[in-house]
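Coordinate inspection notes
Here is what each chain is made of, one letter per residue.
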Amino acid sequence: MRLVRAEFLKLRKRRGLAAAAIVLTLAPIVVGFAVLTILHAVDPERYGPAGGFENLQGSLELLTQIGIVAAILVGATAGAGDRGAGVFRELVVTGRSRLQLFAARIPGGLAFLLPLVAVSFAIAAIASVTLAGSGQEPVTGETIVRYAGWVALDMVLAFLLALGVSSALGSRGTSIGILLAWQLAAAPLLLSTGKLDGVLPNAALASLQPEPTQIVSTSLSVAIVVLVCWTLAPLAIGAWRTSTADS
Amino acid sequence: MNDFIVETHALTKRFGSRVAVDGVDLRIPRGSAFGYLGPNGAGKTTLIRMLLGLTPASSGTMQLRGLPVPERRAEALARVGAIVEEPRFHPFLTGRENLQIVAAAREPAAHARIGGALDLVGLANRADERVNQYSLGMRQRLGVARALLGDPELLILDEPTNGLDPAGILEFRGLVRRLVGEGRTVVLSSHLLDEVEKICDAVAIVDRGSVVWQGPIDAIHGGTRTVLVAVDDEPAALALLDRHEVEVTAEGIIVRLSTEAGPDVVAGLNRRLVNAGIGVHRLELSRASLEARFLEITSRLEEAA
């Protein structure tokens, strides 16, 4: 637990990272609902109420798309921050197992990331309920719970992927570059071909969305296997490199 | 309990075809200040990194605190503190927070030692400033504080006086002697031979990956002491001293004596010169400095290579 708290401290005290993570998780929801509310107030005939299921779904898709950048930043920092600062060897010489040092990064990073995502999600859920109009599909408790799980899954997977990759590469900047290129360009491009749904994590996540907005041909069991593989493989490589690399 | 806190046997590290540490047999006595000396690239830091588990050995065995490593690395390192090369920190954290990070990786009692360690190195009043505002000397002292968190039996300090001003070096010297006085062993890897000579009880000299000499600091001065003799009749003095190994320099005649030679031998030398009617202007007993011996040992190897 002390190691986890130390990991959390290292992330929390990076002002730039904290600011970026707050903006990337909260801004999409706050700005999105603010714009919808203003549009509805200005022209209610043309723009419906800001709440309701559709707006919740849209805002959460936006959250997962932009918030994933925050997850990558946090994951990459948790994975390579010590090595980048040259502090990892100072931790190794304490005699503490390298695997324990690696493992502590996971809860430490999630303790930093998930509260921000939770606040953002809570704002979206509350706004979608309180700002809903009479003619809109209502937001039920079940919907909120299912979407909460889906958003959390999305964020945790992006975080773990970034953590594994950065632990393996030992470079925060390189990892962020590679992962952003993958998440924002390569993966969507490959998904659009429609031929790799059975191996792509974004296809698996899309298939697990409570009300899918993209059509993907991935079954639940395949989606689970794909996500487990995309999580475990980079984590295993990251753990192996952390355990064996010269410090 | 074993008399040696560090023992290595045939310890070797290869990087491809290059041998960085070549079959090192090193024995560091408990409760001493031990100097680990060598020219740049001699393999000093590589050996320290192997001892601390930062890089694996290619072959050979090593023991820390009587425990074999890497087999019982965690147990062995629990009471070892170290600064390897320059101490590194998270610059965005304060000095105290940086110590908290490392204390979290040690036993729970390490947290309680943070205040005392900061006091000991004179950083208590700057501990809550971010490390990126620290001078090099302050970082060095913070590194020592961090190394003390584990209440170490063994401290391994790589170039610990880098960045310290003369007052800081003097304080550091006192700190090392104090730690040794508490029964701890301090290993100093340093190129500042004068510092090592002033602080350490024993030394090892490493060159091209091998330990070429190790033993008590008094013994490294070699089998000879010298007496500088300045006289008014040099040829007559040289004739009188023909049983000794001598060297004529601009300052006078340097006479080599055995290490056992004391003031009585020098007095006898003086008496013989005066009785022979030779005027003596200067008579000065000295012994080779560590620096001279270090250069002698390492350059002798260079010549042989």
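Here the residue numbers are simple positions, counted from 1 along each chain's written sequence. Chain A is the first chain written and ligand 1 is the first ligand written, with later ones labelled in order. Totals for whole chains, interfaces and linings use all residues, but because this is a predicted model, local features are given only for residues with pLDDT of at least 70 and pairs of side-chain atoms are given and counted only at 80 or more. For side-chain calculations, the full set of non-hydrogen atoms in the structure is used, while hydrogens and water are omitted.

Time to look at the sheet that holds strand β7 (residues 154–158) of chain B. Strand pairs in the sheet, formed through backbone hydrogen bonds, run parallel or antiparallel to each other. Residues and elements named next belong to chain B. Between any two strands, at least two bridges found by DSSP are needed for them to pair. Working definition: helices are DSSP H or I runs of at least four residues, strands are E runs of at least two. Numbering for both runs from the N terminus. Spatially, β6-β7-β8-β3-β9-β10 is the arrangement adopted by the six strands of the open sheet, whose pairing is mixed. Here the strands that pair on one side only, and so sit at the sheet edges, are β6 (80–83) and β10 (210–216). For this sheet the average axis-to-axis angle between neighbouring strands, irrespective of direction, equals 15°. Relative to β10, strand β9 (residues 202–207) is paired through six bridges, and the arrangement is antiparallel. What sits directly across from Ile-205, in β10, is Trp-213. Two residues form a contact once any of their heavy atoms are found within 4.5 Å. Here an axis means a line fitted to C-alpha atoms, over the contact stretch when the element is a helix, while the angle between two N-to-C directions is reported on a 0 to 180 degree scale. Strand contacts of helix α5 (residues 136–147): β6 and β7, with the helix running at about 165° to β6, the strand carrying the most contacts.

With that settled, the discussion passes to a nonpolar patch on the surface. Residue and element names in this part refer to chain A. Distance thresholds for patches are 9 Å for like charges and 5 Å for nonpolar side chains (Val, Leu, Ile, Met, Phe, Trp, Tyr), applied to residues having over 30% relative accessible area and no salt bridge. Computed with a 1.4 Å probe, the accessible areas rest on the Shrake-Rupley method; for each residue, only the protein chains presented here act as cover. A pairing counts as a salt bridge when a side-chain nitrogen of Lys or Arg comes within 4 Å of a carboxyl oxygen of Asp or Glu. Side chains of Val-31, Val-35, Leu-39 and Tyr-47 sit close together on the surface and give an oily, nonpolar patch of about 300 Å² of accessible area. When you line up the elements, Leu-39 lands in helix α2 (residues 15–42). For Leu-39, a relative accessible area of 30% gives the class partly exposed. Each residue gets one of three labels from its accessible area relative to the maximum for its type: buried under 20%, exposed over 50%, partly exposed in between, using a 1.4 Å probe on protein chains only.

Right, let's talk about the packing of helix α3 (residues 53–85) of chain A against helix α5 (residues 98–130) of chain A for a bit. All names here are of chain A. Where α3 meets α5, the axes come as close as 10 Å, and the angle between the chain directions of the two elements is 165°. Considering the angle they form, α3 stands roughly antiparallel to α5. Crossing angle aside, the handedness with which α3 passes α5 is right-handed. In contact with Leu-56, Ser-59, Leu-60, Leu-63, Ala-70, Ala-71, Val-74, Ala-78 and Gly-79 of α3, α5 contributes Arg-105, Gly-109, Phe-112, Leu-113, Ser-120, Phe-121, Ala-124, Ala-125 and Ser-128. Working rule for angles: under 35 degrees goes down as roughly parallel, over 145 as roughly antiparallel, 65 to 115 as roughly perpendicular, anything else as oblique. Crossing handedness: left-handed means the near helix sits turned counterclockwise from the far one by under a right angle, and right-handed means the same turn made clockwise.

Side chains carrying opposite charge are able to pair once their charged atoms draw close together. In this structure the tally under the stated criterion is 24 salt bridges over all chains. A salt bridge links B:Arg65 to B:Glu153, with the shortest nitrogen-to-oxygen separation between them at 3.2 Å. Of this pair, B:Arg65 sits in the loop between β4 (59–64) and β5 (67–69) while B:Glu153 is found in the loop between α5 and β7, placing the two residues 88 residues apart along the sequence. Across the salt bridge formed by B:Arg184 and B:Asp151, the nearest N and O atoms sit 2.9 Å from each other. Of this pair, B:Arg184 sits in the loop between α6 (166–181) and β8 (185–189) while B:Asp151 is found in the loop between α5 and β7, placing the two residues 33 residues apart along the sequence. When salt bridges that share partners are traced, they join A:Arg89, A:Glu90, B:Glu85 and B:Arg146 into one network.

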